[in-house]
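Observations on chain architecture
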Amino acid sequence: MFTSTFQSIVDRRRSVRIFDNNAPFDESVVSKSIALSVLSANSSNMQLWEFYQIKTKAVHEALNKACMGQSAAKTASQLVVFVTRQDKWKERVQWNIDKLEKQFEGKELTKKDLRAFDYYKKLMPLVYRYDSFGFNTLLRSIIVFFMGFNKPFLRIRNHGDQRVMCHKSCALAAQTFMLSMASEGYDTCPMEGFDSDLVKKILKLPSSAEINMIIACGIGKPEGIYSERVRVPNQEVIFEV
Ligand SMILES: Cc1cc2nc3c(=O)[nH]c(=O)nc-3n(C[C@H](O)[C@H](O)[C@H](O)COP(=O)(O)O)c2cc1C
């Protein structure tokens, strides 16, 4: 029963490029879907993401321009911008430590509890610290080389690796969002075709923030699905080893 429900939601979600502006649109479904996105799996529960539900017409219009006039953005009833915030890593480390302190209050700490603290106090700074001169990348590369010389070790070295980490989690949240919208009978279109500098300027985001995706939402028109859903054969991408 559940399987077929999930299957129907996955089947329903298509990237729709033309929305029906006259169709009724309940923006509380968008809020609810964003709230569900926050529950997505994310790396070390660092939650280095932000979600912007665009409710202001002028901001929506400015974002249309930033999306270079894509019809999905232009005809959408609402846009949601998914943003990564690697720059907030220190805040999130502290948030996780505070949570652990509360969880362990009045309890004698076991080795496992102490490892949980070390995870945020030692490993996360090692993984997320960065500077524009590359000192941390150099230091991390040396640590990774020696620590991972003859045993498995986390291969996070440079800013690119850190950015991938943040974008992975944010993209999972975007997928949760789209499936939630589909389950409520709404259509979406994820977009990466935009001027990210302009989007950041419109949303008054710092340069360290990154735009993961903009998702157009609404009730799709049949002609908004441009083609049949096709994928390369499963045997080219799915392997049993
Ligand atoms: C990260 C990402 C970026 C995308 N960017 C755009 C975009 O800028 N414009 C667009 O029309 N579709 C965009 N798409 C939609 C893809 O083209 C679409 O998912 C793909 O063709 C498969 O079709 P389906 O989503 O209907 O299954 C994007 C999808 C993803 C996941």
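This text follows the structure it describes.
The residue count restarts for each chain, going from 1 along the sequence in the order it is written. With pLDDT at 70 or above as the cut-off, local features in this predicted model cover only qualifying residues; side-chain atom pairs require 80 or more to be listed or tallied, and sums for whole chains, interfaces and linings still use all residues. Note that the side-chain values use all heavy atoms of the structure and ignore hydrogens as well as water.

A look at helix α3 (residues 57–66)
Restricting attention to buried positions, one finds in α3 the residues H60, L63, N64 and A66. Seen end-on, α3 carries its buried residues on one side only, within an arc spanning 160°. Exposed and facing more than 90 degrees away from the buried side of α3 are K57, A58 and K65. The contact criterion used is simple: two residues touch if any of their non-hydrogen atoms lie within 4.5 Å. Each helix corresponds to a stretch of at least 4 residues labelled H or I by DSSP, and each strand to a stretch of at least 2 residues labelled E; elements are numbered beginning at the N terminus. The elements touched by buried residues of α3 are β1 (49–54), α4 (71–75), β2 (78–84) and α9 (196–202). M68, located one to two residues past α3, shows a positive phi value of around 55°. The cut-offs for exposure are 20% and 50% of the maximum accessible area for each residue type, with area from a 1.4 Å probe on protein chains only; residues under the lower value are buried, those over the upper are exposed, and the others partly exposed. Throughout, the arc means that of the directions going from the helix axis to the C-beta atoms.

Examining the site of the ligand
Residues are labelled near a given molecule or strand when at least one of their non-hydrogen atoms is within 4 Å of it. Every residue lining the ligand is accounted for by R13, R14, S15, R17, Q70, C189, P190, M191, E192, G193, R229 and R231. At a separation of 3.0 Å, an oxygen atom of the ligand approaches a polar side-chain atom of R13. Contact distances for the ligand include 3.0 Å between a nitrogen atom and a backbone N or O atom of E192. Method for areas: the Shrake-Rupley scheme with a 1.4 Å probe, in which residue coverage is limited to the protein chains shown. Isolated, the ligand exposes 620 Å² of accessible area, and the fraction of that covered by the protein chains is 68%. Split into classes, the residues belonging to the shell around the ligand amount to 3 nonpolar, 3 polar and 6 charged. Here a polar contact means two N or O atoms within 3.5 Å. Within protein one must be a hydrogen donor candidate and the other an acceptor candidate, and residues neighboring in sequence count only if both atoms are side-chain atoms. Nonpolar residues are Ala, Val, Leu, Ile, Met, Phe, Trp, Tyr, Cys and Pro. Charged residues are Asp, Glu, Lys and Arg, and all others, Gly as well, are polar.

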